[in-house]
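# Understanding the architecture of this molecule
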Amino acid sequence: TFFPDLTSAAQFTYLVLSFVQAASDLNIKNLLDLTCFTLSDKFIKGKTPEEIRTTFNIKTEVTPEEEEELKRENQWAFE
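Residues numbered from 1 in each chain as written. Predicted model: local features only at pLDDT ≥ 70, side-chain atom pairs only at ≥ 80, totals over all residues. Heavy atoms only, no water.

### Some remarks on the confidence of the model for the chain
Short version of the rule: In predicted models, pLDDT denotes the confidence assigned by the predictor to each residue on a 0 to 100 scale. The helix count covers DSSP runs of H or I at least four residues long, the strand count covers runs of E at least two residues long, and both are numbered beginning at the N terminus.
Looking at the chain as a whole, the pLDDT averages 85, with 91% of positions reaching at least 70. Averaged pLDDT values for the elements of the chain fall to 85 in helix H3 (residues 49-55) and rise to 91 in helix H2 (residues 29-43).

### Notes on the pattern of salt bridges
Stated precisely, the cut-off is as follows: The salt bridge criterion pairs a side-chain nitrogen of Lys or Arg with a carboxyl oxygen of Asp or Glu, the two atoms within 4 Å. Each residue is assigned to one of three classes by its accessible area relative to the maximum for its type, calculated with a 1.4 Å probe on protein chains only: buried under 20%, partly exposed between the two thresholds, exposed over 50%.
According to the stated counting rule, one finds 6 salt bridges in the structure shown. One salt bridge connects Lys71 with Glu68, and the closest N-O pair in it is separated by 4.0 Å. Placement of both Lys71 and Glu68 in helix H4 (residues 64-73) is noted, with a separation of 3 residues, approximately one turn of the helix. Residue class for Lys71 comes out partly exposed when judged on its relative accessible area of 27%. Three or more residues are tied together by salt bridges with common partners; here these are Glu50, Arg53, Glu67, Glu68 and Lys71.

### Side note on unusual backbone geometry
Phi at Asn27 takes a positive value of approximately 55°, unusual for a residue other than glycine. Take Asn27: it is sitting in the loop between helix H1 (9-25) and H2. Positive phi, close to 55°, is recorded for Asn57, a residue that is not glycine. If you trace the backbone, Asn57 turns up in the loop between H3 and H4.

### Some details on the packing of aromatic side chains
Both the distance between ring centres and the angle between the ring planes are used here to describe each pair of aromatic rings. Convention followed: Stacked, tilted and edge-to-face are the three classes assigned to paired rings of Phe, Tyr and Trp, where Trp is represented by its six-membered ring and a pair needs centres within 6.5 Å; plane angles under 30 degrees give stacked, over 60 edge-to-face, the rest tilted.
What the rule picks out here adds up to 2 aromatic pairs. For the pair Phe12 and Phe43, a centre-to-centre distance of 5.9 Å together with 35° between the ring planes defines the contact as tilted. Taken together, the positions of Phe12 in helix H1 and Phe43 in helix H2 put the pair 31 residues apart, joining distant regions of the chain. Judged by its relative accessible area of 27%, Phe12 falls in the partly exposed class. Both rings, one in Phe43 and one in Phe56, keep their centres 6.1 Å apart while their planes meet at 70°; by these two values the pair is edge-to-face. Taken as a pair, Phe43 in helix H2 and Phe56 in the loop between H3 and H4 lie far apart in primary sequence, 13 residues in all. Classification of Phe56 as partly exposed rests on a relative accessible area of 25%. Each member of the aromatic cluster is reached from another via a ring pair, and the members are Phe12, Phe43 and Phe56.

Now the structure itself:
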């Protein structure tokens, strides 16, 4: 079969990110839109910023004070 056995979340994540990268590299807009939607729906929707950072292993250099200031300046994004 073409698709690997998606028995773990890590394998599924890798597959989706691979499709996002391929669609971007090949400039296939519809596939890029679909894969980005899947990525956001499965891995971002309903999660806190900290959970998203953990999911994608994102390190932040923003201090807690700077983060609070950004939240105050962009309150609309947290409603």
